[in-house]
There are 2 protein chains.
Amino acid sequence: MPSEVSEPPVLAAGTLRVTPLGGLGEVGRNMTVFEYDGKLLIVDCGVLFPEEHQPGVDLILPDFEPIKSRLDDIVAVVLTHGHEDHIGAVPYLLKLKSDIPLIGSGLTLALVEAKLKEHRIKPYTLTVSEGQGEQVGPFDLEFVAVNHSIPDALAVAIRTPAGLVLATGDFKMDQLPLDGRLTDLRAFARLGEEGVDLFLVDSTNADVPGFTPLERAIGPVLDQVIAKAPRRVIVASFSSHVHRVQQVIDAAAANGRRVAFLGRSMVRNMTIAEDLGYLKVPDGVLIDYKKAKDLPDDRIVYMSTGSQGEPMAVLSRMANLDHAIEPGPGDTVILASSLIPGNENAVYRVIDGLTKLGANVVHKGNAKVHVSGHAAAGELLYCYNILKPRNVLPVHGEYRMLLANAKLAQDTGIPAENTIIGENGTVVDLKDGVARVAGQLDLGFVYVDGSTVGEITDADLKDRRILGEEGFISVIVVVDAATGRIITGPEIHARGFAEDDTVFESVKPKIAAALAEAAQSGVRDTHALSQVVRRTIGRWVNQQLRRRPMIVPLVIEA
Amino acid sequence: MPSEVSEPPVLAAGTLRVTPLGGLGEVGRNMTVFEYDGKLLIVDCGVLFPEEHQPGVDLILPDFEPIKSRLDDIVAVVLTHGHEDHIGAVPYLLKLKSDIPLIGSGLTLALVEAKLKEHRIKPYTLTVSEGQGEQVGPFDLEFVAVNHSIPDALAVAIRTPAGLVLATGDFKMDQLPLDGRLTDLRAFARLGEEGVDLFLVDSTNADVPGFTPLERAIGPVLDQVIAKAPRRVIVASFSSHVHRVQQVIDAAAANGRRVAFLGRSMVRNMTIAEDLGYLKVPDGVLIDYKKAKDLPDDRIVYMSTGSQGEPMAVLSRMANLDHAIEPGPGDTVILASSLIPGNENAVYRVIDGLTKLGANVVHKGNAKVHVSGHAAAGELLYCYNILKPRNVLPVHGEYRMLLANAKLAQDTGIPAENTIIGENGTVVDLKDGVARVAGQLDLGFVYVDGSTVGEITDADLKDRRILGEEGFISVIVVVDAATGRIITGPEIHARGFAEDDTVFESVKPKIAAALAEAAQSGVRDTHALSQVVRRTIGRWVNQQLRRRPMIVPLVIEA
């Protein structure tokens, strides 16, 4: 694995350069840059959601540094599908240059445009469908239908004189998809016969044995649960999962219930999906949630957001009785969603809250109400055998997933030296059927916090972690500039540290004494005096209380 | 559910009062107080480990408030087994009164004594075995063998003139336990025939359908993995799981490997377990880890702590190359443990780190290397049918688990009104076969942080969460006491907020102006002036940066 930073050589003529900026070693912020003949093509531009060691961060963007000086060379951004981890960073890229063309399917572009509208950006777009070809700059693109947990997902084949690349985006191979739109293995076979030189392939479920179950297996379960529900039904799922919502609508209609959407993103996305024909709603089934409360309890299904326990989403607010709809005894809540690692405590808190209110909570743990959107190991083997790619670059996944995917490729006969385990910034050059690592860029995390982008650094996050674990103690002393004598203070204030500040009375004389001693030995510099304060109180807190809060000493001259 | 606080009546003669202080509505800090005729018996005294919304907290104790004024009435503490969530708070109770007798099995008391030694407390103890009876004050105790993920666990039957109570502690019903020590269903049957008036029963797995698999099913898997391992093997598990460690030792010995213990608690607990005969080590199998490195790589198994991704434990340090043993290609790491909710990200980071170093990581997700220590729904049904208790109080579990357990009891024919869903502080009175909720105490969380106990409050934790999410900005201004004129400042310092403090230059004049205006209108009080500072900079930060850090204004007179 190329973790040593090394500058790649100048790109030779006739060579394609592939540089993932995000999505390798992580699940999220997928973005890959393809360079040929001085022009850049970008595939996907997503966000990563922060983990608990990145507190207060709203979003994490790919590091755009390698392309910042080359914005004019970008011929297009291809978006494989409309999930946040593939489109969420587009607004931040277009803020650097707003006229970069976006290419994607109808639903994908509609979702991107709705997002860009909130950022007041109107993009240049090109809508494409499966089977379609487009030439952008030196890149000859062909789009291939793939099946995923959002409709209208596309893989993209990229032809240049350097060879043929296939990037799957996210995909699985449901053999009985709800919309009949299969991952197009005939196209994969055709591309395979032509000769795929480099295969960029989704690794999310590469370490999951077997096959992802059929999406349509969920419908009958939803139907049964709704049929037996004595009162209201509330279903929570991802707001982009059109097929899951379709199954909820169908199960509701079959049981004589109407459906109301709850949550801003659910309402927005399903309006788009229905307008474009991806969501098929029987007449008279949808109802505005404000009118829904006039229906009998056993005639309504609420379709809501918040399946990951997000504190501000509808489901959490319901569990806290902080929403117009207050669940109660006899109500049924279905979490028709995965449980993303890291969200467990939040989700269980919501489940417990709803259970306490008397609701019956049905979830993945006690019923088959969710299947994954990604190809498991068995499906990936099919892919490798049909495509027989010369070289493989597993993408979209943490390290162990990338590794598991490479091993699957090797199991089908692809030589180990042709399976590249990369990380973000790994530069892969392709020419004459040979792919090799040409360098490793040094990329970072770009944090969005409020309206600031890239202002928060890892050092700030480290400070936040200390503050969040231990709180802080600030000590203010005003000293006479000439004599170093204390005029006011030490005043000591703490937050996140203890119930009241009287605990500090015993250390104040120690600080005063330490400052007096320093002043006597001629120390006048306020920074040096601050360090005296820091050492004195830091040692006291550590010895007396076995704690290590952040110490913020401030010596001011007056 | 009795969540309104209500003072219980004075305890009537001939009535047994049961008050859980911890473990209801949570997994941890199990502790129940039994009162009869003015005397108190305590069963278990454990700790709860903090979640992410309780940052910086080391441990959470049960709220001892209801017994603090009655320490002299406590006749004994019965400890059902040696896990932290049942014994971890004993040192904090004994710090209030050190001569309260502890009753438990040989292993349980040995583990408690080792813990108390670190707190420099030497307890009064009484060792008991299954089948044994003891009279302590008005309580006639009988101990019953139960099977759990630590040896020598006991249930306790408590007889008073008010009736017969059975408290399971933690248990499961492995029908082929490694040590042959079954949960004693013959004793359960005998107690059931006598008539169990109140059954306090472990709820941890009540919402898990079916039966917990046999512990011995893990042995062959460990054996296979170790047999195939080309180089070193590192197994991580809980440091109290003697049977799991036994299976590792047996698999190692069968494959001609020696075993070295790693991690302070692993070494300590296994030394105790071997000394007392619970762990059976063939001659010449154990080796000190410092000598183990001289062995060939395929002759050693390291048995270590850190299976939950704890940052300071051995396994995390290995993954960060911060340990004498550095895993590398060809090494095999086995996580023979559960994945406790909330630890997922930490554990996956460790797995990824080890995988990057080249190790093959085997875990619950890809091999059968763990089974639970708690009875699942199918086992609990057996219990209810054998015991036929008159009343049931599900304990040890979050609300949904308690509820699932009560439903199982009802499925076997116990009337719903005789299954009590309580919470911590719910007071249950038992007399003449009737159990009823008599009141609800208002109990809190007692946080241990460093050497402080109960100093950190929920308000401090809220401050920590804000600090941890957003950081803080402190503004210091020194003003003239008489005129309110600024002498020094505003000085602005921030932590966890932004890369440098120059961002604040533009707000300083605004603060100065706001203070001048306040001074002009006669405001002199430094607290009022601080509020002026807070409002001015708070509004600016919110509008300019869409952020909400903690604002710490300080106006000092000089």
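Residues numbered from 1 in each chain as written. Chains lettered and ligands numbered in written order. Predicted model: local features only at pLDDT ≥ 70, side-chain atom pairs only at ≥ 80, totals over all residues. Heavy atoms only, no water.

Caption draft 1: Representation of the overall build of chain A. Helix and strand counts for chain A stand at 16 helices and 25 strands. Dimensions along the principal axes, computed over C-alpha positions, put chain A at roughly 85 × 70 × 45 Å. Taking all 558 residues of chain A together, the buried fraction comes to 59%. Here chain A has roughly 21,900 Å² of accessible surface; of this, 51% comes from carbon and sulfur atoms. Looking at charge distribution, chain A has the averaged site of its 55 positive side-chain charges lying 4 Å from that of its 72 negative ones. (Helix = DSSP H or I, 4+ residues; strand = E, 2+ residues; numbered from the N terminus. Buried < 20%, exposed > 50% of the residue type's maximum accessible area, 1.4 Å probe, protein only. Areas by Shrake-Rupley, 256 points an atom, 1.4 Å probe, with all protein chains shown as cover. Lys, Arg positive; Asp, Glu negative; His and termini not counted. Charge placed at Lys NZ, Arg CZ, Asp CG, Glu CD.)

Caption draft 2: Quick look at the sheet that holds strand β23 (residues 472–479) of chain B. Residue and element names in this part refer to chain B. Spatial strand order, β24-β23-β25: three strands in an open sheet with mixed pairing. Of all the strands in the sheet, just β24 (486–495) and β25 (550–557) have a single pairing partner and so form its edges. The sheet shows a mean angle of 10 degrees between the axes of neighbouring strands, taken without regard to direction. In the sheet, β23 pairs with β24 via seven bridges, with the strands oriented antiparallel. In the sheet register, V478 faces β24, and the bridge partner there is T488. (Pairing = 2+ DSSP bridges. Axes fitted to C-alpha atoms, helices over the stretch in contact; angles between N-to-C directions.)

Caption draft 3: Structural view of the relation of the copies chain B and chain A. The operation relating chain B to chain A is a screw motion whose rotation component is 180 degrees, with 0.1 Å of axial translation and a residual RMSD of 0.1 Å. Taken together, the turn and the small shift mark the pair as related by a two-fold rotation axis. Proximity to the rotation axis, assessed at the C-alpha, singles out G468 of chain B in chain B; its C-alpha lies 1.9 Å from the axis. (Least-squares fit on C-alpha atoms with pLDDT ≥ 70 in both.)

Caption draft 4: Just the domain arrangement of chain A, in detail. As assigned here, chain A comprises domain 1 (16–210 + 373–453), domain 2 (215–363) and domain 3 (471–557). Once you take the C-alpha centre of each, domain 1 of chain A and domain 3 of chain A turn out to be 54 Å apart. (Domains from an automatic or database assignment.)

Caption draft 5: Representation of the interface of chain B and chain A in the model. Contacts between chain B and chain A engage 57 residues on the former and 57 residues on the latter. For the pair chain B and chain A, the two sides together bury roughly 5,200 Å², of which 55% comes from carbon and sulfur. Broken down residue by residue, the surface that chain B buries against chain A is led by N345, R400 and R495 of chain B, which jointly contribute 11%. At the junction of chain B with chain A, the criterion picks out eight salt bridges. Note that R400 of chain B is salt-bridged to D352 of chain A, the shortest N-O span being 2.9 Å. If you look at where chain B meets chain A, you find 24 residue pairs in polar contact (both at pLDDT 80 or more). Counting residues per element, the ones that place at least two in the side of chain B that touches chain A are α11 (344–356), α13 (399–411), α14 (458–470), β23, β24, α16 (526–545) and β25 of chain B. It is α11 of chain B that contributes the most residues to the side of chain B that touches chain A, eight residues altogether. Along the lines of polarity and charge, the residues of the side of chain B that touches chain A split into 21 nonpolar, 15 polar and 21 charged. (Contact = heavy atoms within 4.5 Å. Buried area = accessible area lost by both parts, 1.4 Å probe. Salt bridge = Lys/Arg side-chain N within 4 Å of Asp/Glu carboxyl O. Polar contact = N/O pair within 3.5 Å; in protein donor to acceptor, adjacent residues only side chain to side chain. Nonpolar A, V, L, I, M, F, W, Y, C, P; charged D, E, K, R; others polar.)

Caption draft 6: Expanded view of the UniProt feature "domain: Metallo-beta-lactamase" (unreviewed entry) in chain A. The UniProt entry lists residues 28–222 of chain A under the feature "domain: Metallo-beta-lactamase" (unreviewed entry), expressed in the numbering used here. Helix makes up 21% of residues 28–222 of chain A and strand makes up 28%, while its end C-alpha atoms are separated by 29 Å. (UniProt positions renumbered as here; feature names shortened; annotations may be inferred.)

Caption draft 7: Structural detail: the UniProt feature "binding site: Ca(2+)" (unreviewed entry) in chain A. All names here are of chain A. Mapped onto the present numbering, the UniProt feature "binding site: Ca(2+)" (unreviewed entry) falls on G56, D58 and D449. Across 394 residues, the annotated set stays spatially compact, with a maximum C-alpha separation of 7.0 Å. With respect to the helices and strands, the residue D58 is situated in the loop between β3 (39–43) and β4 (59–61). Residue class for D58 comes out partly exposed when judged on its relative accessible area of 41%. Other than its neighbours up to four places away in sequence, D58 contacts F49, P50, V448, D449 and G450. Considering the arrangement of structural elements, one finds D449 in strand β21 (residues 446–449).

Caption draft 8: Spatial organisation of the pairing of strand β17 (residues 360–363) of chain A. With four bridges connecting them, strand β16 (residues 332–335) of chain A and β17 of chain A associate as parallel partners. Each residue of the ladder has a partner; that of L335 of chain A, found in β17 of chain A, is H363 of chain A.

Caption draft 9: Quick look at the packing of aromatic side chains. Counted by the stated rule, this structure contains 11 aromatic pairs over all chains. Their ring planes at 50 degrees and their centres at 6.2 Å tell us that F504 of chain B and W540 of chain B sit as a pair that is tilted. Remark: W540 of chain B occurs in helix α16 and F504 of chain B occurs in the loop between β24 and α15 (508–520); sequence separation between them is 36 residues. Overall, the relative accessible area of 0% leaves F504 of chain B in the buried class. The ring centre of F497 of chain A lies 4.3 Å from the NZ or CZ of R547 of chain A, which sits over that ring. (Phe/Tyr/Trp six-rings, centres within 6.5 Å; stacked < 30°, edge-to-face > 60°. Lys NZ or Arg CZ within 6 Å of the ring centre and 35° of its normal.)

Caption draft 10: Main features of the environment of A252 of chain B. Residue and element names in this part refer to chain B. Note that A252 resides in helix α7 (residues 242–254). Classification of A252 as buried rests on a relative accessible area of 0%. A C-alpha to C-alpha distance of 66 Å links A252 and R535, two positions 283 residues apart in sequence. Setting aside residues no more than four positions away along its own chain, A252 makes contact with I226, R257, V259 and V301.

Caption draft 11: Highlighting the packing of helix α12 (residues 377–387) of chain B against α13 of chain B. Residue and element names in this part refer to chain B. α13 packs onto α12 with a crossing angle of 50 degrees between their chain directions and a minimal axis gap of 9 Å. In terms of orientation, α12 and α13 fall into the oblique class. In the crossing of α12 with α13, the sense of the turn from one axis to the other is right-handed. Contacts from A377, L380, L381 and Y384 of α12 reach α13 at N405, L408 and A409. (Parallel < 35°, antiparallel > 145°, perpendicular 65-115°, else oblique. Left-handed = near helix turned anticlockwise from the far one by under 90°.)

Caption draft 12: Broad picture of the pattern of salt bridges. Residue and element names in this part refer to chain A. One pass over the full model with this rule turns up 56 salt bridges over all chains. A salt bridge links R181 to E130, with the nearest nitrogen and oxygen atoms 2.9 Å apart. Here R181 is found in the loop between β11 (163–167) and α5 (185–194), whereas its partner E130 is found in the loop between β7 (125–127) and β8 (133–136), with 51 residues between them in sequence. For R232, the salt bridge goes to D331, with nearest N and O atoms at 2.7 Å. Here D331 lies in the loop between α10 (314–319) and β16 and R232 lies in the loop between α6 (218–228) and β13 (233–236), a separation of 99 residues in the sequence. Among the residues examined, R232 registers a relative accessible area of 13% and is labelled buried.

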